[in-house]
Amino acid sequence: MQAEIFFPPKDEPLRQDVGVLGAMLGEVLVEQGGGQLFDRVESARRAARRRRSEQGEATEELSGLLHGLEADAARETVRAFSAYFGLVNMAEQVHRLRRRRDYDREGPQPGGVEAVFGSLRDQGASLEEVMELLREMQLSPVFTAHPTEAVRRTLLVKDQRIARALVDRLDRDALTPPEEAAVLERVRGEVTTAWQTEEHLSVRPSVADEVEHVLFYLTEVVYRVIPAFHEALERGLRVVYEVDEPIEIPGPLFRFASWVGGDMDGNPAVDADTIHATLRRQREMILRKYRTEVSTLFDQLSQSLSHVKVDSEILERTEIYERQFPEVVRAVPERYREMPYRRLLWLVASRLDATAEDRDLGYENPGSFAADLKLVATSLRHHGGLHAGHFRVRRLMRRVEAFGFHLATLDVRQDAEVHRRAVGQLLKDADYVNRTPEERTQLLERACSAGGPDLESGREVADDETREVLRVMEAIRDCRLRYGASSIGPYIISMAQAPDDVLSVLFLARCGGLTEKAGRVPLEVAPLFETVRDLASSGETLSTMLENSVYRDHLDSRGGRQVVMLGYSDSNKDAGLVASRWALFGAQEVLSEVARAAGVELVLFHGRGGSISRGGGKTREGILAQPARTLGGRLRVTEQGEIIHAKYGLRGIAARTLELMTGAVLESTWRGKSAVGPEPAWREMADEFAITAREAYRALVHEDRDLVAYFRLATPIDVIERLRIGSRPASRRGGGGVENLRAIPWVFAWTQSRHVLPGWYGVGAGLEAVAATYGWDRLAEVVSQWRFLGTLLADVEMVLAKADLRIGARYAELAGPVGERVYPRIRKAFEQTREAVCRVRGIDDLLEDEPVLRRAIRLRNPYVDPMSLIQVDLLRRWREGG
């Protein structure tokens, strides 16, 4: 039985916010949709709450209330519950900001930088050692598109306004009744206009639309957060190490990247043109932000030479620019002639304008812009300006360090098969694709040594696909020249399996004219290992790549830095959660050892998704659960589209995300200096866990003849495949089997049907097998001591708590006789997994030790359950109607 949701005193403001927002939305529903809509929604919400409390026939009552609704009525009902759900999310995010303020008053927040610095100090780390860790640190969140998260920018802006209004209420005791009423009226205005706004456009979003979605977070949230985040780090170091003088952390800890506009793998909408367009748009946006901020500095830095001195370099730089921009000088008002900073900034703004318009005398690179800002900052520091503008100039300098003139590095990705077909055509070898990897490698070694065929002659034999591959290489070349070397990130090869896959990229780059001096290819080539099989052989594959003289020569010319990407989604779809996580753990250890032995700097790029089954989970715990000595202060990780809003939607939340990431990498790197891997007995236990769980998972997903039919009938996958909410097709290659379906719709469909199967199936069988060998007590002991296993089972526990197999049974009914056979098997495995997880974690009920997460799920259930039952009813009627 689910008890009434409990709010401890510290969370009472959250309960009040949820109540106020719920009542407000109710008023909006009456006003906009009429009393009938409100009554239907309220009746369903109350029935859903009773259902969760196991009261009588509430499930049938809820189902009856929502059965057979006309399409328009069903749509408005779902919109209402979705709106409730969104407001609960918003209330919780704002409450996190409230709790952060409480911690700032009471003491360091767990996982925060000040707490981490204190922990490192207590472990013996000196200030100099921590500063060295920070100097070597490189963190790169990589934003991706997502076909199930395509909220329009219009609605994202409304969310921001609602959040700002709620933040204004954080100190509600200080507000007068009229002020409180004014704040709530702002919220109501946004909620009402959001209700009147279409959530999704009728046309499929283009790649350009997805670019704008990511740009919203980068320019409206992350851009604002970066300087304050660095200041918080420096303040935390001063507090923990009791230092009075200023501390300055060198260089940007974070450099952001994106896949949107460069990820071609299985997406024909992404090509050379989108690479050009994406970087052009990013440059336009970041230069516009800088231009606005320079104008703000101009307004603030009103110092006059009659009251303060400036460094001579300020005057000298101004004179140089005045000679270069005589027409601009004539436009400077006479009253600014004795204001040296304003004079210079007026000219700096002109150089930024010239940069944006590609005119002469624009900044050649962000370094030259930063140099001008440094002149101003240094002069202010020398002449009493530390509290008269220096702070704002330093903030802009931090942003230029982090974002350059490209805003976010654009990664490029393509499937290895596409490369093989292109190489075969350019080498005029009809059998190339079918040759062994060794044969392909030998052919490419000779071709790379010869420099590759002439571009034009190569095009003569190329088909459209191959010509597009060459156009992409040309686009990369041109974008590097126009937007800087940092504008293009690694070239990622999906399904990479052998040295010929990395040599293919070098060969194609040369064919496409992407070379520098001595024919060097200025590109990081990153193999992506995705399936469990490829992960298991990844160490051997990397070793063979590094032993290849042609590739090693390329790598040495790039400073000996090798990026390797690890895929979480496809390995899970292939073998289940446990086998995937254990294969990833082992791959990281082996890859790190191979790189160390070869004298290569390895950067592991974690291709995590938002859901648990795709590598998602708590940021801090996920990083700390990685094997020791594999991070080395470097973290490159995807931030998948479906969770970008949750992690970067508000500035305070984004700052916390960056803080958790930084703190965890610091701890892991420090620990890695002396840590050893798990005990051999623990590894044996994990081996058995993974093998048994994998067998159970594959027996259902890959070997049960009815599973594909059940999946297509008991989930809304057929609707998901038709949705116009992403530019990418639902399937990577042709065919209707599980292996050809992308991991995103695979997981999304199971989540919609409340099974959430990829996040837990096989775990119960694996735990019981391990317990049979080692005993439950020994298993529980290892889980409590080994962060890898503890984090894995905590993630599974959360998935189990979010699943609802009773509602899943309603979806199973859609599958008819197939459902009657498959669903009981799934339900039995679910109960087995729930009981095993609770037993090994020493709890009686799921999330017993996670009250915040438990409350969050229970807050949402009354809004999710009705939407699920409406979906079941609509799916049945839609399919029956053909």
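Everything that follows concerns the structure shown earlier in this document.
I will try to describe carefully the structure that is included in this document. What you see is a predicted model; the values in this text were computed from it and never measured.

1. Concerning the overall build of the protein chain
When its secondary structure is counted, the protein chain shows 38 helices and eight strands. On C-alpha atoms alone, the protein chain measures out to a radius of gyration of 29 Å, which is about the 29 Å that the 2.2 N^0.38 rule sets for 882 residues. In terms of its C-alpha atoms, the protein chain occupies a principal-axis envelope of roughly 85 × 80 × 60 Å. The 882 residues of the protein chain split such that 57% are buried. Accessible surface for the protein chain amounts to roughly 36100 Å². Of this, 50% is attributable to carbon and sulfur atoms.

2. Some remarks on helix α7 (residues 153–168)
When the terminal C-alpha atoms of α7 are compared, their 23 Å separation across 16 residues agrees well with the 22 Å that a helix rising 1.5 Å per residue should span. For α7, the set of buried residues is Leu155, Leu156, Lys158, Gln160, Ile162, Ala163, Ala165 and Leu166. As for α7, its buried residues are in contact with α1 (12–33), α4 (71–106), α8 (177–195), α9 (207–240) and α27 (641–648).

3. Quick look at the sheet that holds strand β6 (residues 561–567)
Within the closed barrel, the eight strands sit side by side as β1-β2-β3-β4-β5-β6-β7-β8. Their pairing is parallel. Bridge analysis of strand β5 (residues 525–529) against β6 gives two bridges, and the strand direction is parallel. Within β6, the position partnered with leucine 528 by the bridge is methionine 565. Those strands touched by helix α19 (residues 464–483) are β3 (409–415) and β4 (488–494), and its axis lies near 160 degrees from that of β4.

4. Considerations on α4
Compared with an ideal rise of 1.5 Å per residue, which puts 36 residues at 52 Å, α4 spans 52 Å between its outermost C-alpha atoms and is within 8% of the ideal. Positive phi shows up at glycine 107, right after α4, with a value of about 155 degrees.

5. Observations concerning the nonpolar core
Formed by 155 residues in total, the largest nonpolar core has its most connected members in Leu134, Leu237, Tyr290, Phe369 and Phe403. At 16 residues, α9 tops the list of elements feeding residues into this core. With sequence-adjacent residues up to four places away left out, tyrosine 290 is seen in contact with Tyr223, Leu352, Phe369, Leu396, Arg399, Val400, Phe403, Gly404 and Phe405. With 62 residues, the next largest nonpolar core counts Leu577, Ala714, Leu789 and Ala829 among its residues.

6. Considerations on the pattern of salt bridges
Here the structure, examined in full by the defined rule, presents 86 salt bridges. Of the charged contacts, one joins arginine 482 and aspartate 358 as a salt bridge, the two residues approaching to 2.0 Å between their closest N and O atoms. Of this pair, arginine 482 sits in helix α19 while aspartate 358 sits in the loop between α13 (340–356) and α14 (366–382), and the two are 124 residues apart along the sequence. The class for aspartate 358 is partly exposed, based on a relative accessible area of 46%. In this structure, the salt-bridge partner of glutamate 524 is arginine 561, at a minimum N-O distance of 2.3 Å. Separated by 37 residues along the polypeptide, glutamate 524 in the loop between α20 (499–511) and β5 and arginine 561 in strand β6 bring together distant segments of the chain. With a relative accessible area of 17%, glutamate 524 lands in the buried category. Put simply, Arg51, Arg52, Arg754, Asp804 and Asp865 are held in one network by salt bridges that share partners.

7. Considering unusual backbone geometry
Although it is not a glycine, aspartate 358 adopts a positive phi angle of roughly 60 degrees. Phi angles above zero are rare outside glycine, and methionine 495 is one such case at about 60 degrees. Within the secondary structure, methionine 495 is located in the loop between β4 and α20.

8. Side note on the packing of aromatic side chains
Here the structure, examined in full by the defined rule, presents 30 aromatic pairs. When the centroid spacing of 4.8 Å and the interplanar angle of 50 degrees are considered together, the rings of phenylalanine 585 and phenylalanine 788 count as tilted. With phenylalanine 585 in helix α25 (residues 577–598) and phenylalanine 788 in helix α35 (residues 787–802), this residue pair connects regions lying 203 residues apart in the sequence. Phenylalanine 788 shares its class with phenylalanine 585; the two are buried. Taking 5.7 Å as the distance between ring centres and 90 degrees as the angle between the ring planes, the aromatic pair formed by tryptophan 746 and tryptophan 750 counts as edge-to-face. One end of the pair, tryptophan 746, and the other, tryptophan 750, are both in helix α32 (residues 743–752), four residues apart, so they sit about a helical turn from each other. Judged on exposure class, the residue tryptophan 746 and its partner tryptophan 750 are both buried. Three or more aromatic residues joined by ring pairs make a cluster, and in this case those are Phe143, Tyr223, Phe229, Phe254, Phe256, Tyr290, Tyr363, Phe369, Phe403, Phe405 and Tyr648. For the cation-ring pair, arginine 636 lies above phenylalanine 605, with the distance from its terminal atom to the ring centre recorded as 4.6 Å.

9. Notes on the packing of helix α36 (residues 805–813) against helix α37 (residues 816–841)
Packed helices, taken two at a time, are described by their axes: the angle between them and the distance between them. In contact at an axis separation of 9 Å, α36 and α37 are set at 160 degrees when each is read in the N-to-C sense. With respect to their mutual orientation, α36 and α37 come out roughly antiparallel. Classified by chirality, the crossing of α37 by α36 is right-handed. Taken together, the residues of α37 that come into contact with α36 (itself represented by Leu805, Arg806, Gly808, Ala809, Ala812 and Glu813) are Gly816, Gly819, Tyr823, Ile826, Arg827 and Phe830. In terms of residue class, the contact of α36 with α37 is built from six nonpolar, three polar and three charged.

10. Some remarks on the environment of isoleucine 314
Within the fold, isoleucine 314 resides in helix α11 (residues 312–324). Owing to a relative accessible area of 0%, isoleucine 314 belongs among the buried residues under this scheme. Counting along the chain gives 115 residues from isoleucine 314 to glutamate 199, while the straight-line C-alpha distance between them is 51 Å. Residues within four places of isoleucine 314 in sequence aside, it is in contact with Pro340, Tyr341, Leu344, Leu375, Val376 and Ser379.

11. Quick word on the pairing of strand β1 (residues 138–143)
Among the six residues in β1, five count as buried, and that is most of the element. Bridging between β1 and strand β8 (residues 634–639) involves six bridges; their strand directions are parallel. Note that in β8 the partner of phenylalanine 143 across the bridge is glutamate 639.

Basis of the calculations
Residues numbered from 1 in each chain as written. Predicted model: local features only at pLDDT ≥ 70, side-chain atom pairs only at ≥ 80, totals over all residues. Heavy atoms only, no water. Helix = DSSP H or I, 4+ residues; strand = E, 2+ residues; numbered from the N terminus. Rg over C-alpha atoms; globule rule 2.2 N^0.38 Å. Buried < 20%, exposed > 50% of the residue type's maximum accessible area, 1.4 Å probe, protein only. Areas by Shrake-Rupley, 256 points an atom, 1.4 Å probe, with all protein chains shown as cover. Expected span 1.5 Å × (residues − 1). Contact = heavy atoms within 4.5 Å. Pairing = 2+ DSSP bridges. Axes fitted to C-alpha atoms, helices over the stretch in contact; angles between N-to-C directions. Core = buried A, V, L, I, M, F, W, Y, C linked by side-chain atoms within 4.5 Å. Salt bridge = Lys/Arg side-chain N within 4 Å of Asp/Glu carboxyl O. Phe/Tyr/Trp six-rings, centres within 6.5 Å; stacked < 30°, edge-to-face > 60°. Lys NZ or Arg CZ within 6 Å of the ring centre and 35° of its normal. Parallel < 35°, antiparallel > 145°, perpendicular 65-115°, else oblique. Left-handed = near helix turned anticlockwise from the far one by under 90°. Nonpolar A, V, L, I, M, F, W, Y, C, P; charged D, E, K, R; others polar.

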